[in-house]
Amino acid sequence: SVMLRHVVWSAGGSNILAVPDTMWEQLGRKAEKSAAEDGAGAAAAWSAQLAYLQRKVDGIHRADVFKTAELQEATIRQLDGIRVGHGGLNRDALQRLQAQPALVRERCVEKFRKSLKESVRNQSAWMIGIISHERDYYDKEQEKRRLEEQQRAAADDGKSQSVAATRPAGGWTHSDGRPVEDAKPGEKVSGTITNVWHGRVWVDAGFEKDVTFNAAPGMFKVGETLRNLQVAGLSAER
């Protein structure tokens, strides 16, 4: 019947503490032996047995709190020795900790250990404050890293675009093209990109010289066809 009850309780998600009789008696005898000279054998045995039960119950409660918070194993190991539950870190604090990236969780527990003092009455509120601060710092780090990566990508793209096309044997002029002076501001032209270099794009739009305009690195590639480009100004010398 005892085993059946244990199976039913386990199936229902309950934790079970089962102490074998031999271990229970061994705890009592060991305590009685060490306290025999003081004449407090029975009391010492009972005290040892209660202390054993308390440690086991505390362990079960601790495991239950971690399970409810769905806390990661690495963080559980890092919290070793830190009180949880009543008077320690409650489920709310642990769930907030669980929701953070691994690096933030590690930093939070480390900072909690270093900053925790006896004067801190509400350890959960203390931890929640640390989580808020560390997450804000983490988000700023990530944003800074993202911007740096964008800048490196733009710089790398600019370098690759600097050799987008080599100079043709006959140069960049087109002998069969229209004179540049024939172009009129506002006129729409189309053509093929002949070169991209340091944020500037050149297009063969049917003139003796390529038309050109500025663009952000990476927007255009040599060989692309552009349509309905509007002439903004003329500079035959260039």
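Up top is the structure these notes are about.
Described in the following lines is the structure provided in the data block.

Definitions and limits used
- Residues numbered from 1 in each chain as written.
- Predicted model: local features only at pLDDT ≥ 70, side-chain atom pairs only at ≥ 80, totals over all residues.
- Heavy atoms only, no water.
- Helix = DSSP H or I, 4+ residues; strand = E, 2+ residues; numbered from the N terminus.
- Buried < 20%, exposed > 50% of the residue type's maximum accessible area, 1.4 Å probe, protein only.
- Contact = heavy atoms within 4.5 Å.
- Salt bridge = Lys/Arg side-chain N within 4 Å of Asp/Glu carboxyl O.
- Pairing = 2+ DSSP bridges.
- Axes fitted to C-alpha atoms, helices over the stretch in contact; angles between N-to-C directions.
- Core = buried A, V, L, I, M, F, W, Y, C linked by side-chain atoms within 4.5 Å.

### Points about the side chain of S124
With respect to the helices, strands and loops of the structure, S124 is situated in helix 7 (residues 123–161). On the basis of relative accessibility, which here comes to 3%, the residue S124 falls in the buried class. Not counting residues within four places of it along the chain, the set of residues in contact with S124 comprises G88, L89, N90 and A93.

### Considerations on the pattern of salt bridges
The final tally for this structure, using the stated rule, is 9 salt bridges. Residue R96 pairs with D92 through a salt bridge whose shortest N-O separation is 3.4 Å. Of the two residues, R96 and D92 both sit in helix 5 (residues 91–98), 4 residues apart, roughly one turn of that helix.

### Thoughts on the environment of W126
Relative to the helices and strands, W126 resides in helix 7. Along the primary structure W126 and L89 are separated by 37 residues, whereas in three dimensions their C-alpha atoms are 9.1 Å apart. If we ignore the near neighbours within four places in the chain, the residues touching W126 are F112, S115, L116 and V120.

### So, the sheet that holds strand 3 (residues 211–214)
Here we have 4 strands laid out as an open sheet, ordered 3-2-1-4, and antiparallel in their pairing. Across the chains shown, the open sheet's two edge strands, defined by having one partner strand only, are strand 3 and strand 4 (225–230). Across this sheet, the average inter-strand angle for adjacent strands is 45 degrees, counted without regard to direction. Here 4 bridges tie strand 2 (residues 200–204) to strand 3, and the two strands are oriented antiparallel to one another.

### What about the nonpolar core?
One finds L79, L89, L94, L97 and M127 to be the most contacted residues of the largest nonpolar core, which totals 20 residues. For this core, the secondary-structure elements that each account for two or more residues are helix 3 (41–69), helix 5, helix 6 (102–115) and helix 7. Residues in contact with L94, not counting those within four places in the same chain, are V65, F66, A69, L71, L79, V84 and L89. In this structure, I193, A215, F220 and L226 belong to the second largest nonpolar core, which totals 13 residues.

Note that every value here comes from positions in space, so none of it alone points to a role or purpose.
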